[in-house]
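# Report on the structure
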Amino acid sequence: MSQLRAATSKKEWAIEAEGLVKIFGDNRAVDGVDLKVATGSIYGVLGPNGAGKTTVIRMLATLLRPDAGSARVFGHDVVKEPQIVRQLIGVTGQYASVDESLSATENLVIFSRLLGLGRAEARRKSEELLEEFGLTEAARRPLKNFSGGMRRRLDLAASLIAQPPLIFLDEPTTGLDPRTRNQMWDTIRRLIQSGSTVLLTTQYLEEADQLADRIAVIDHGGVVAEGTVDELKSSVGTSSLQLKVQNPLDIGFARQTVERVLNVKTIISAESANITAPMGDADRVTDLLIALREAGISLAELSVQKPTLDEVFLSITGHGAEDKSTLASAKSN
Amino acid sequence: MSTFIKPGAERQLKNHTSFGQSVRNSLTMAYRGLLKIKRTPEQLFDVTLQPIIFTLMFTYIFGGAISGDIHNYLPVIIPGILVQTVITTSIVTGVQLREDMEKGVFDRFKSLPISRIAPLAGALLADTVRYTIATVLTFAMGYVMGLRPEGGFGHVVMAGVLVIICSWAISWIFAFFGVIARTASSVQGISMIVLFPLTFLSNAFVPVDTMPDWLQWFVKMNPISHLVTAVRNLVNLGTIGSDLVYSLVGAAVIVAVFAPITVRAYMRRT
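Residues numbered from 1 in each chain as written. Chains lettered and ligands numbered in written order. Predicted model: local features only at pLDDT ≥ 70, side-chain atom pairs only at ≥ 80, totals over all residues. Heavy atoms only, no water.

### Re the overall build of chain A
Helix and strand counts for chain A stand at 13 helices and 14 strands. Across the 333 residues that make up chain A, the buried fraction comes to 53%. A separation threshold of at least 6 residues defines the contact pool for chain A, and within that pool the share at least 24 residues apart is 66%. Put simply, chain A shows about 15,000 Å² of open surface, and 49% of that area lies on carbon and sulfur atoms. (Helix = DSSP H or I, 4+ residues; strand = E, 2+ residues; numbered from the N terminus. Buried < 20%, exposed > 50% of the residue type's maximum accessible area, 1.4 Å probe, protein only. Contact = heavy atoms within 4.5 Å. Areas by Shrake-Rupley, 256 points an atom, 1.4 Å probe, with all protein chains shown as cover.)

### What to know about the interface of chain B and chain A
Taken together, the contact between chain B and chain A spans 35 residues of the former and 47 residues of the latter. For the pair chain B and chain A, the summed buried surface comes to about 3,800 Å²; carbon and sulfur atoms form 59% of the total. At the junction of chain B and chain A, the tally comes to 17 residue pairs in polar contact (both at pLDDT 80 or more). A total of 8 residues in the side of chain B that touches chain A trace back to one element, the largest contributor, which is helix H1 (residues 19-39) of chain B. Here the residues of the side of chain B that touches chain A sort into 14 nonpolar, 11 polar and 10 charged. (Buried area = accessible area lost by both parts, 1.4 Å probe. Polar contact = N/O pair within 3.5 Å; in protein donor to acceptor, adjacent residues only side chain to side chain. Nonpolar A, V, L, I, M, F, W, Y, C, P; charged D, E, K, R; others polar.)

### Things to note about the sheet that holds strand S7 (residues 166-170) of chain A
Sheets are built from strands that pair by backbone hydrogen bonding, the pairs being arranged parallel or antiparallel. Residues and elements named next belong to chain A. The 6 strands are arranged S6-S7-S8-S3-S9-S10 in an open sheet whose pairing can be described as mixed. Pairing within the sheet leaves two strands with one partner each, and these edge strands are strand S6 (89-92) and strand S10 (222-228). Within this sheet the neighbouring strands show an average axis-to-axis angle of 15°, counted without direction. Relative to strand S9 (residues 214-219), strand S3 (residues 42-46) runs parallel, the two being bridged by 4 bridges. (Pairing = 2+ DSSP bridges. Axes fitted to C-alpha atoms, helices over the stretch in contact; angles between N-to-C directions.)

### Looking at the UniProt feature "transmembrane region" (unreviewed entry) in chain B
Residue and element names in this part refer to chain B. When the UniProt feature table is mapped onto this chain, "transmembrane region" (unreviewed entry) is found at residues 44-67, 73-97, 117-144, 156-177, 189-208 and 244-267. Counting secondary structure, residues 44-67 comes out at 96% helix and 0% strand; the distance between its end C-alpha atoms is 33 Å. In residues 73-97, helix accounts for 100% and strand for 0%; the two terminal C-alpha atoms are 37 Å from one another. (UniProt positions renumbered as here; feature names shortened; annotations may be inferred.)

### Topic: the packing of helix H7 (residues 152-180) of chain B against helix H8 (residues 184-200) of chain B
All names here are of chain B. Interaxial distance between H7 and H8 falls to 9 Å at its minimum, and their mutual angle equals 145°. When the axes of H7 and H8 are compared, the crossing they make is right-handed. For the pair formed by H7 and H8, the contact residues are Phe174, Phe177 and Gly178 on the first element and Val187, Ile190, Ser191, Val194 and Leu195 on the second. (Left-handed = near helix turned anticlockwise from the far one by under 90°.)

### Thoughts on the pairing of S3(A)
Regular strands place side chains that alternate from one sheet face to the opposite one. Residue and element names in this part refer to chain A. Among the 5 residues of S3, 5 are classified as buried, and the element is accordingly described as predominantly covered. The alternating pattern of S3 places Ile42, Gly44 and Leu46 and Tyr43 and Val45 on opposite faces, both of which are buried. Two strands pair when backbone bridges link them, and S3 and strand S8 (residues 197-202) are joined in this way by 5 bridges, in the parallel orientation. What sits directly across from Tyr43, in S8, is Leu199.

### Here's the deal with the packing of aromatic side chains
Residue and element names in this part refer to chain B. Following the criterion strictly, the structure yields 13 aromatic pairs over all chains and no others. Aromatic pair Phe196 and Phe200: ring centres 4.8 Å apart, planes at 40°, arrangement tilted. Of this pair, Phe196 and Phe200 are both found in helix H8, 4 residues apart, which corresponds to roughly one turn of the helix. Classification of Phe196 as partly exposed rests on a relative accessible area of 48%. Residue classification places Phe200 among the partly exposed residues on the basis of a relative accessible area of 31%. Every member of this aromatic cluster is reached through a ring pair, and the members are Phe54, Phe58, Phe62, Phe196, Phe200 and Phe205. Lying across the ring of Tyr143, Arg148 places its NZ or CZ 3.9 Å from the centre. (Phe/Tyr/Trp six-rings, centres within 6.5 Å; stacked < 30°, edge-to-face > 60°. Lys NZ or Arg CZ within 6 Å of the ring centre and 35° of its normal.)

### What to know about the confidence of the model for chain B
Residue-level pLDDT values for chain B average 89, and 97% of them are 70 or greater. Across the predicted assembly, pTM comes out at 0.78 and ipTM at 0.83. (pLDDT = per-residue confidence, 0-100.)

### Thoughts on the nonpolar core
By size, the foremost hydrophobic cluster in this structure holds 102 residues, and its most contacted members are Phe111(A), Leu154(A), Val198(A), Phe109(B) and Val231(B). Here the element with the most residues in this core is H7(B); it accounts for 15 residues. Those residues within four positions of Phe109(B) in sequence are excluded, and the remaining contacts are Phe111(A), Leu114(A), Met29(B), Arg32(B), Ile114(B), Arg116(B), Pro119(B) and Tyr266(B). Val30(A), Val45(A), Met59(A) and Ile218(A) belong to the second-largest nonpolar core, a separate cluster that totals 32 residues. (Core = buried A, V, L, I, M, F, W, Y, C linked by side-chain atoms within 4.5 Å.)

### What to know about the pairing of S9(A)
Residues and elements named next belong to chain A. Across the 6 residues that make up S9, a large majority, 5, are buried. Where S9 meets S10, 6 bridges bridge the pair, whose relative direction is antiparallel. Following the sheet pairing, Arg214 is matched in S10 by Thr228. Taking the residues that link successive antiparallel strands as the turn, the S9-S10 hairpin has 2 residues, and the phi of His220 there is positive, at about 45°.

### What to know about the side chain of Asn25(B)
Note on placement: Asn25(B) falls in helix H1. Take Asn25(B): its relative accessible area is 2%, and that puts it in the buried class. Look past the residues within four positions of Asn25(B) in its chain and what remains in contact with it is Leu114(A), Ile114(B), Ser115(B) and Ala118(B).

### Section: the environment of Leu35(B)
For Leu35(B), the position within the fold is in helix H1. Look at Leu35(B) and you get buried, because its relative accessible area is 5%. With 91 residues separating them in the primary sequence, Leu35(B) and Ala126(B) have C-alpha atoms 9.2 Å apart. Once residues within four sequence positions are removed from consideration, Leu35(B) is found in contact with Leu102(A), Glu106(A) and Ile110(A).

### Observations regarding the environment of Glu137(A)
Considering the arrangement of structural elements, one finds Glu137(A) in the loop between helix H5 (119-132) and helix H6 (148-159). The spacing of Glu137(A) and Val78(A) is 59 residues in sequence and 38 Å in space, taken between C-alpha atoms.

### Things to note about the confidence of the model for chain A
Residues and elements named next belong to chain A. Counting all residues, the mean pLDDT for chain A is 83, and 86% of those residues have values of 70 or more. Per-residue pLDDT stays below 50 along residues 1-10; that stretch engages in 2 contacts with residues further than four places along the chain or on separate chains. The model gives residues 321-333 a pLDDT under 50, and that stretch makes 22 contacts with residues more than four places away or in other chains.

### Notes on the sheet that holds strand S11 (residues 239-245) of chain A
Residues and elements named next belong to chain A. Taken in spatial order, the 4 strands make up an open sheet running S12-S13-S11-S14, and their pairing is antiparallel. The open sheet is flanked by strand S12 (267-269) and strand S14 (299-305), the only strands paired with a single partner. Put simply, the sheet's adjacent strands are angled 20° from each other on average, direction ignored. Where S11 lies against strand S13 (residues 274-279), 6 bridges are found, and the strand directions are antiparallel. By the bridge assignment, Leu243 is partnered in S13 with Ile275. Across the face of the sheet, helix H10 (residues 251-262) comes into contact with S11, S12 and S13 while running at roughly 5° to S13. Its contacts with the sheet place helix H11 (residues 284-294) against S11, S13 and S14, and it is angled at close to 10° to S11.

So, in structure tokens, the structure goes:
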């Protein structure tokens, strides 16, 4: 019997959430989110600012009580058994959840002591983590002088003191420079090798692409798509084709032609006479160009773009990612 | 990350925090509070200056009018000033708690498997350092100005400890305001409105029999008056009376009421 349980528990989910709802005033910040995260995987929650990513994490991490729905972490209900769930998770917030006025060592020692480590043990653990995250030199300096990357690393180090089997990372690389971001990615990959499960939120498709085994795309508080990275990508087309017609009056006809030849839905922006279409098969573009020439439509510009978060959104939700700054930063990556 | 992490499904865990763990967590949080005071010593400005300035000011303004001369007023005013200053200091506890809670680190405290009361109890405990500084300075000022307590050193220490205990209890009220208020400045505002009448409508500065009857009724009920009387008896006479018992019972009641509702409000707040 116990062997049977052990066998089934290996397949158990690290996170199971059903119909999570959180309402702030009259804003349904999270509106019926279902998630299933397999033990030992990296799960990405992708979405623009204000989509509800942080609220989902806060509910799963017992920081916020769901208004409806339920969630379990390794089989323990987050509302009924919060103190057990807290022993299984590490949370790294969007804004570093460490004490600004104290030094890195002091922060880690205090968190270690709170987690039940003895005085000497806490000190040893802190040194070990500082070493591992390359913060030894800065250990005694007050955090006020830390760079964004150092703060994030310390924050992550603090989440790993108790070696939790599940780690929540809320936008771990937002605002980091590319080099620091790559270091953070390596760290996250190493966590998985040691047997942890990671749930991370991100605004960047590339990040989800690099790290996540599965992705949930969140928009307006709901999951609009879920699957592996490949599944999502193929739903968007690997790249998108952008056409600009010379005569803006031609745009309607040009759009019809594009939709007919490529057999896809397109988005136009009338003021710039731009047509954007997902490009699943590059060979078909030749057919399209011939068709356009035969129809007598002259092009001003033609470009191919790799899929961005915006395209995922356009294709899945039918509208763009609202937050323009999000868009810009996603594209600049 | 060198060792392999034990799978979550195989861990044996409990969903409650033991009393011993609560105490340990609170002490660790108090240690954090002390470290913060050590890092920003300028926040001790008020507890250092207020006892000095208030003692000088009140003694020389009211001394002649109330007790005939300064020297006779000292045994009356020093206990009064002591209670007023130390209790006013406890407002800062609420204000700082509000500021602290807005920072990300409180999210981490909430996500840790620690006793829920620890972040609050620890902060309040660390602030007893502030009360101690204010207490010592007020007595020192009194001594410099000529106060020679009849009760002796032992009873003065007892009086100091009594005031610190009662202020710690009262700081739970301000902690509650700190947890429910939106901004730090509103905590300061509400707390002053509560505390100002409470400390002045007492026997702290002026003999009660000079007040109108209806006011005397309130002043005699006021727990601050009992605390001031208890301190006066200890310092000036070296006696322990019913006022001391009233003060301690009052302190216990405040903690019993405000500690649970503060922790509840803290848990709800996001």
